[in-house]
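Geometric and topological summary
So the chains spell out like this:
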Amino acid sequence: MANIKKLEAGLRQQLADLTDQIRNEENALLLKKEGYLKVSGALEILEILKKEEEVKEAEAEREAITAAALAD
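Since the structure is predicted, the reported quantities are computational estimates derived from the model, not experimental observations.

**Section: the overall build of the protein chain**
Summing up its helical and strand segments, the protein chain has 1 helix and 0 strands in all. At 31 Å, the protein chain has a C-alpha radius of gyration far larger than the 11 Å of a compact globule built from 72 residues. The dimensions of the protein chain, computed from C-alpha atoms along their principal axes, are 105 × 10 × 5 Å. In the protein chain, which comprises 72 residues, the proportion classed as buried is 0%. For the protein chain, the accessible area works out to roughly 6,900 Å², and carbon and sulfur atoms hold 61% of it. Taken together, the 11 basic and 16 acidic charged side chains of the protein chain have centroids lying 17 Å from each other.

Laid out in structure tokens, this is it:
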């Protein structure tokens, strides 16, 4: 009976250790997901800013061409 109790205690400790490891890994994964979402969001914002800049540059170019044509 003593061997069974030792085995049970060992198994319960393993279960507790694995539970802790899973909890720690889940927390680490959540932090990585959060970081991923932040970086992904930042890239989306950069794409929007790049498109806005392209539009502004195109408008400035059209204005310059129009001004040059009117000056002739």
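Next comes the rest of the account.
**Brief notes about the pattern of salt bridges**
Under the definition given, this model contains 4 salt bridges. The partner of glutamate 34 in a salt bridge is lysine 38, with the nearest N and O atoms 3.3 Å apart. Here the residue glutamate 34 and the residue lysine 38 both occupy positions in helix H1 (residues 2–71), the gap between them amounting to 4 residues, near one helical turn. Note that lysine 50 is salt-bridged to glutamate 47, the shortest N-O span being 3.3 Å. A residue pair is termed a helical-turn pair when its members lie 3 or 4 positions apart in one helix, as lysine 50 and glutamate 47 do in helix H1 at 3 residues. On the basis of relative accessible area, glutamate 47 is assigned to the partly exposed category, the value being 41%.

**A closer look at the environment of glutamate 44**
Positionally, glutamate 44 belongs in helix H1. Overall, glutamate 44 belongs to the exposed group, its relative accessible area being 51%. For the pair glutamate 44 and glutamine 13, spaced 31 residues apart in sequence, the C-alpha to C-alpha distance is 46 Å.

**Examining the environment of lysine 51**
On the secondary structure map, lysine 51 appears in helix H1. The sequence separation of lysine 51 and lysine 6 amounts to 45 residues, and the corresponding C-alpha distance is 67 Å.

Rules and cut-offs
- Position labels on residues start from 1 in each chain and follow its written sequence.
- This being a predicted model, a pLDDT of at least 70 is required before a residue's local features are given, and a value of 80 or more before pairs of side-chain atoms are given or counted; all residues contribute to the totals for chains, interfaces and linings.
- The side-chain figures draw on all heavy atoms in the structure; neither hydrogens nor water molecules are used.
- By the criteria applied, helices consist of DSSP H or I runs no shorter than four residues and strands consist of E runs no shorter than two, each listed in order from the N terminus.
- Both definitions apply: the radius of gyration is a C-alpha atom measure, and the globule rule equals 2.2 Å times residues to the power 0.38.
- For every residue, the accessible area obtained with a 1.4 Å probe (protein chains only) is divided by the maximum for its type, and the residue is called buried under 20%, exposed over 50%, and partly exposed between those limits.
- To be clear on the numbers: accessible area is Shrake-Rupley with a 1.4 Å probe, and residue cover counts the displayed protein chains and nothing else.
- Charged-residue counts in this description rest on Lys and Arg as positive and Asp and Glu as negative, His and the chain ends being excluded.
- Charged side chains are reduced to one point each, which is NZ for Lys, CZ for Arg, CG for Asp and CD for Glu.
- Should a side-chain nitrogen of Lys or Arg be within 4 Å of a carboxyl oxygen of Asp or Glu, the pair is scored as a salt bridge.

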